[in-house]
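One letter stands for each residue in the lines below.
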Amino acid sequence: MILNIIIWIAALGIGAAGGFFGYKKTLTEKAIKFKERMAKAKELEDEILEEAKKKADWVLERAEEKANRIEEQRLKKMEEIQNKLLEREEKMWEKLERLEKEKEKVIEKQKEVEDVIKQQTEKLAEISGLNKQEAKDQLFSNMELEYQEEIKEFVEKMKTIKTEEADKEASQIIAKALPRISSEAVNEFTVKSVDLPSEDYKWKLIGREWRNISFFEKLTWVELIIDDTPMVVRISSFDSEKRFIAATVLKKLVKDGRINPHYIETFYNQVVQDLPNILIEKGKEALTQLNLPMMKPEVVKLIGQLYLRYSYGQSVRLHSVEVAKISEAIATELWLDPIIAKKAGLFHDIGKIIATTWQSHTALGAEALKKLGMDDIIVNAAESHHYDVPMTSPYSRIVAAADAISAGREWARYDTTEMFIEKMSELEKLIKDVSGVDKVHIMQAGREIMVYVNPEKISDKDLESTLKTIGTKIEEQLDYPWIIRITAIRENKLVEFLR
């Protein structure tokens, strides 16, 4: 048993040794084969590299040959072009030489003609007994007499043709200019509406025993109309500045919610104090709309004051901006300076801020612009756009045309509004001239007048005589409706501060 085990162990050892030596032999053979393959791969790599090198050399040779051929062709073309240019230059010189020779011949011929004319003129002068100038004048006189009718017909025909051409050209210029202008037409009447958040505010505005509405009307010089129109009240006054101030005060009161005489007076004083700044901002806004640079503060203030001015119901500020845009467009079509035309259009109605009833706004505007140091072209455009004085530049004619275009549009202006405002202004001025009158409040288109007198100058006993004086002046100097109700108010206001 033990012997068998020993024999098995020996057999296993011999087998393992044989297997090891056999495996080692196999590895050796594989290593030799791998080396042989690597050697063949290196030979193949060398062959590929050699072949690639040969191909690269061949491609370079071909590329160099092609580049040489292209360069030769380019040089050949350049030489051909140069030869053609030289040929043309030679031909040009030949033409110039021929022209010079022909020019000399023409000059010689002209001298010959002049000599012949001179000889003929001298002979005619000898025959007629006239000198050269007299003979010339006689010849023209005879020609004029002989062909007078034909000359007149020709001149009239040319005038008609040129007039038609000028009208057609002007129409084309305006037709090209107008489509560039986009401007709204804002008309102002004597009533301005203010929206309310609810109907309750109407009772707040009226106040106990009409206290709030009476104080509001007295302070702002407007008529506050509160009727059945839902959530709207209207402010009535012929003066646009009073309407604006009253509307702004009313909006502030509605927004604040506290409506009583104290807050009415507080907001009124605030709006009146802020009004110059508001107008300056409106002036800056107009310059921005026209893409004009900022100007002096006094000029900007003048432009802003146009915001509260209306002419025949048309906003003067919007009208001036529109005239400036139209003037710019027409000047561009005529190859003139559009900036000068735009400024002339903007300032053409500046006199309406200064002028009162029956005064010439053109003359006052020109004078104001001179004081501000404006260009003479702009001054003349403002002074002459109603043809009061001669126009000294094409810009004046452009502004006059633009003004007519803006004002002549349908529904742009209302003559009745302007006439009404003039009548109310006359009535207000007439009453203010009465001694002791402080304020005048005109309502119901002049049918009702409230007069506030100075309590220090007029006593309660003098009120009746003051009313009679006002009535007499109205009867003598103005046309008035059937019945006018005049109310005189005299009151003392005492304010005391306790510390």
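Source: prediction; values computed, not measured. (Residues numbered from 1 in each chain as written. Predicted model: local features only at pLDDT ≥ 70, side-chain atom pairs only at ≥ 80, totals over all residues. Heavy atoms only, no water.)

Undergrad: Explain the overall build of the protein chain to me, and be specific about the residues and the numbers.
TA: Scanning the protein chain from terminus to terminus reveals 15 helices and eight strands. Burial statistics for the protein chain: of 499 residues in total, 30% are counted as buried. Residue pairs at least 24 apart in sequence account for 63% of intrachain contacts in the protein chain once pairs closer than 6 positions are excluded. As displayed, the protein chain offers around 34900 Å² of accessible surface, 56% of which is attributable to carbon and sulfur atoms. (Helix = DSSP H or I, 4+ residues; strand = E, 2+ residues; numbered from the N terminus. Buried < 20%, exposed > 50% of the residue type's maximum accessible area, 1.4 Å probe, protein only. Contact = heavy atoms within 4.5 Å. Areas by Shrake-Rupley, 256 points an atom, 1.4 Å probe, with all protein chains shown as cover.)

Undergrad: Tell me about a positive patch on the surface, and please be specific about residues and values.
TA: Taken together, Lys84, Arg88, Lys91, Lys95 and Arg98 make up a surface patch of like positive charges. In this fold, Lys95 is placed in helix α1 (residues 2–128). Since its relative accessible area comes to 45%, Lys95 is described here as partly exposed. (Patch = residues over 30% accessible without salt bridge, like charges linked within 9 Å, V, L, I, M, F, W, Y side chains within 5 Å. Salt bridge = Lys/Arg side-chain N within 4 Å of Asp/Glu carboxyl O. Lys, Arg positive; Asp, Glu negative; His and termini not counted. Charge placed at Lys NZ, Arg CZ, Asp CG, Glu CD.)

Undergrad: So what about the packing of helix α7 (residues 261–289) against helix α8 (residues 297–305)? Which residues, and what values?
TA: Between α7 and α8, the least distance of the axes is 7 Å, while the angle of their chain directions is 95°. By the angle class used here, α7 and α8 are roughly perpendicular. Each of Leu279, Ile280, Lys282, Gly283, Lys284, Ala286 and Leu287 in α7 lies in contact with α8, whose residues at this interface are Val300, Lys301, Ile303, Gly304 and Gln305. Residue composition of the contact of α7 with α8, by class: six nonpolar, three polar and three charged. (Axes fitted to C-alpha atoms, helices over the stretch in contact; angles between N-to-C directions. Parallel < 35°, antiparallel > 145°, perpendicular 65-115°, else oblique. Nonpolar A, V, L, I, M, F, W, Y, C, P; charged D, E, K, R; others polar.)

Undergrad: Can you lay out empty space enclosed by the protein for me, pointing to particular residues and giving the numbers?
TA: Taken as a whole and judged by the stated rule, the model has two cavities of 30 Å³ or more. The computed volume of the second largest cavity comes to approximately 30 Å³. In terms of lining, the second largest cavity is formed by Trp221, Ser237, Phe238, Lys242, Glu428, Val440, His441 and Ile442. Sorting elements by how many residues they give to the lining of the second largest cavity places strand β6 (residues 437–443) first, with three residues. Taken together, the residues of the lining of the second largest cavity break down into four nonpolar, two polar and two charged. (1 Å grid on protein atoms, 1.4 Å probe; cavity = no way out; pocket = protein on both sides within 12 Å on 5 of 7 lines; lining within 4 Å. Points joined across faces, edges and corners; volume = space filled by probe spheres on them.)

Undergrad: Before we move on, can you summarise unusual backbone geometry with the specific residues and values?
TA: Despite not being glycine, Trp210 has its phi angle at roughly 60°, a positive value. Residue classification places Trp210 among the exposed residues on the basis of a relative accessible area of 53%. For Met231, which is not glycine, the phi torsion reads 55° and is therefore positive. Here Met231 lies in the loop between β2 (223–225) and β3 (232–236).

Undergrad: Tell me about the pattern of salt bridges, residues and numbers included.
TA: Taken as a whole and assessed by the stated rule, the structure comprises nine salt bridges. Here Asp256 and Arg258 are joined by a salt bridge, their closest N and O atoms 2.8 Å apart. Judged by its relative accessible area of 30%, Asp256 is partly exposed. The shortest N-O distance in the salt bridge between Glu328 and Lys342 comes to 3.4 Å. Here Lys342 lies in helix α10 (residues 338–347) and Glu328 lies in helix α9 (residues 316–333), a separation of 14 residues in the sequence. Under the relative-accessibility criterion, Lys342 is labelled buried at 4%. A network of salt bridges, in which partner residues are shared, links Lys282, Glu285 and Arg317.

Undergrad: Give a detailed account of the confidence of the model for the protein chain, specifying residues and quantitative values.
TA: Looking at the protein chain as a whole, the pLDDT averages 76, with 74% of positions reaching at least 70. Within the model, the stretch residues 184–188 combines pLDDT values under 50 with 16 contacts to residues more than four positions away or in other chains. (pLDDT = per-residue confidence, 0-100.)

Undergrad: Explain the packing of aromatic side chains to me, using residue names and the numbers behind them.
TA: Summed over all chains, the structure comprises two aromatic pairs. Seen from their ring centres, Phe244 and Tyr307 are 5.8 Å apart, and the 90° between their planes marks the pair as edge-to-face. Within this pair, whereas Phe244 is found in helix α6 (residues 240–256), its partner Tyr307 is found in the loop between α8 and β4 (310–311), the two being separated by 63 residues in sequence. By relative accessible area, which is 24% here, Tyr307 ends up partly exposed. (Phe/Tyr/Trp six-rings, centres within 6.5 Å; stacked < 30°, edge-to-face > 60°.)

Undergrad: Requested: an account of the nonpolar core, with residues and values cited.
TA: By size, the foremost hydrophobic cluster in this structure holds 35 residues, and its most contacted members are Met295, Leu346, Phe347, Leu369 and Met374. Only α7, α8, α9, α10, α11 (361–371), α12 (376–384) and α13 (394–407) provide two or more residues apiece to this core. By size, the runner-up hydrophobic cluster in this structure holds 27 residues, among which are Leu196, Leu224, Val254 and Tyr268. (Core = buried A, V, L, I, M, F, W, Y, C linked by side-chain atoms within 4.5 Å.)

Undergrad: Before we move on, can you summarise the environment of Gln270 with the specific residues and values?
TA: Summarising the element assignment, Gln270 is placed in helix α7. Along the backbone, Gln270 and Val249 are 21 residues apart, and their C-alpha atoms lie at a distance of 8.6 Å.

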